[in-house]
Amino acid sequence: MKQLNHLGSAVLLAVVVMLAAILLLHSGGLVVDWKPKTMPYRLTSNPFIGWSLVAVLGAGLLLIRKGPPLAQCVAALLLVGFVWGLAAVTALFWDAFLSPVLVFAVLPVQLAAISTLRSLLQERGAAPPT
């Protein structure tokens, strides 16, 4: 379970799997009659945007698992900043429901990366900022 929830990424992984499942159901021929102006309807009507989102978030999840702990934390915080920006753009121009889903999915990653950075600072003997 620890490998699955590396740096608190289990929620973000679940969101990526949910987005991929919605897109796979549609592309696999299983037609679900989504109501207009809902997140699944917008994802299936613009599959390029949906698959791009899945690919970018999946790549970010892979990056935070590689390298030493400091590099993992930096990659995690970069992913968090990217998702926050993506959520803001998504809320303004595409789908207002997807934005809070992305933000709340990435919050555990942010908190885990910050706490790991603090513990790395304490191991080096430096006092963490208060």
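Before any of the text, the structure's been laid out above.
Residues numbered from 1 in each chain as written. Predicted model: local features only at pLDDT ≥ 70, side-chain atom pairs only at ≥ 80, totals over all residues. Heavy atoms only, no water.

### Some remarks on the overall build of the chain
Short version of the rule: Secondary structure follows DSSP: runs of H or I at least 4 residues long count as helices, runs of E at least 2 residues long count as strands, and numbering of each begins at the N terminus. By definition, residues are in contact when any of their heavy atoms lie within 4.5 Å. The method behind every accessible area is Shrake-Rupley, applied with a 1.4 Å probe, and residues are considered shielded solely by the protein chains displayed.
Along its length, the chain carries five helices and zero strands. Listing the helices and strands of the chain from first to last along the sequence gives α-α-α-α-α. Across the chain, the fraction of contacts at a sequence separation of at least 24, relative to all contacts at a separation of at least 6, is 65%. Total accessible area computed for the chain in this model is approximately 7,900 Å², and 72% of it derives from carbon and sulfur atoms.

### A word on the pattern of salt bridges
The following threshold applies: Whenever a carboxyl oxygen of Asp or Glu lies within 4 Å of a side-chain nitrogen of Lys or Arg, that contact is scored as a salt bridge.
The full count for this structure, using the stated rule, is one salt bridge. As a salt-bridge pair, Asp95 and Arg42 come within 2.9 Å of each other at their nearest N and O atoms. Taken together, the positions of Asp95 in the loop between helix 4 (69–93) and helix 5 (98–124) and Arg42 in helix 2 (residues 39–45) put the pair 53 residues apart, joining distant regions of the chain.

### What about the packing of helix 4 against helix 5?
Let me state the cut-off plainly: Throughout, an axis means a line fitted to C-alpha atoms (over the contacting stretch in the case of helices), and angles, computed between N-to-C directions, take values from 0 to 180 degrees. Between 65 and 115 degrees an angle is taken as roughly perpendicular, under 35 as roughly parallel, over 145 as roughly antiparallel, and anywhere else as oblique. In this scheme, a crossing is called left-handed if the near helix is turned counterclockwise away from the far one by less than a right angle; it is called right-handed if the turn is clockwise. Ten residues, namely Ala, Val, Leu, Ile, Met, Phe, Trp, Tyr, Cys and Pro, are considered nonpolar, four, namely Asp, Glu, Lys and Arg, are considered charged, and the remaining ones, Gly among them, are considered polar.
As a packed pair, helix 4 and helix 5 sit with axes 9 Å apart at the nearest point and diverge in direction by 155°. Looking at the two axes, helix 4 sits roughly antiparallel to helix 5. Crossing of helix 4 over helix 5 shows left-handed handedness. The class makeup of the residues in the contact of helix 4 with helix 5 is 21 nonpolar, four polar and no charged.

### Let's talk about unusual backbone geometry
Excluding glycine, a negative phi dihedral is what most residues carry, and trans is how most peptide bonds are arranged. Rule in force here: Buried means the residue's accessible area, taken with a 1.4 Å probe over protein chains only, is under 20% of the maximum for its type, while exposed means over 50%, and partly exposed covers the values in between.
The phi torsion at Lys37 lies on the positive side, around 65°, for a residue other than glycine. Its place among the elements puts Lys37 in the loop between helix 1 (10–27) and helix 2. We classify Lys37 as exposed; its relative accessible area is 69%.

### A look at the environment of Ala105
Residue position: Ala105 is located in helix 5. Separated by 25 residues in sequence, Ala105 and Val80 place their C-alpha atoms 9.7 Å apart. Dropping the residues within four chain positions of it, Ala105 is found in contact with Val11, Leu12 and Val15.

### Some details on the layout of surface pockets
Selection rule: In this analysis a 1.4 Å probe is tested at points of a 1 Å grid over the protein atoms alone, and where it fits but cannot get out there is a cavity; an open set with protein on both sides within 12 Å along at least five of seven lines is a pocket; lining residues have an atom within 4 Å of a point. Grid points are joined across faces, edges and corners, and a volume is the space filled by probe spheres set on the points.
Counted as a void, the largest pocket has a volume near 180 Å³. Lining the largest pocket are Ile49, Ser52, Leu53, Val56, Phe82, Leu86, Val89, Thr90, Phe93, Trp94 and Leu98. For the lining of the largest pocket, the secondary-structure elements that each account for two or more residues are helix 3 (47–63) and helix 4. The biggest single contributor to the lining of the largest pocket is helix 4, with five residues. Split by residue class, the lining of the largest pocket holds nine nonpolar, two polar and no charged.

### What about the environment of Ala20?
Mapping Ala20 onto the fold places it in helix 1. Residues Ala20 and Leu53, spaced 33 residues apart in sequence, show a C-alpha to C-alpha distance of 9.3 Å. Those residues in contact with Ala20 that sit more than four places away from it in its chain are Trp51 and Val54.

### Concerning the nonpolar core
Spelled out, the test is: The criterion is simple. A nonpolar core is a set of buried Ala, Val, Leu, Ile, Met, Phe, Trp, Tyr and Cys residues joined through side-chain atoms within 4.5 Å.
Grouped together as the largest cluster of nonpolar side chains are 30 residues, with contacts concentrated most on Leu19, Leu57 and Ile64. Put simply, the parts of the chain that give this core at least two residues each are helix 1, helix 2, helix 3, helix 4 and helix 5. Here this core gets nine residues from one element, more than from any other, and that element is helix 5. Other than its neighbours up to four places away in sequence, Ile64 contacts His6, Leu7, Ser9, Gln72, Ala75, Ala76 and Leu79.

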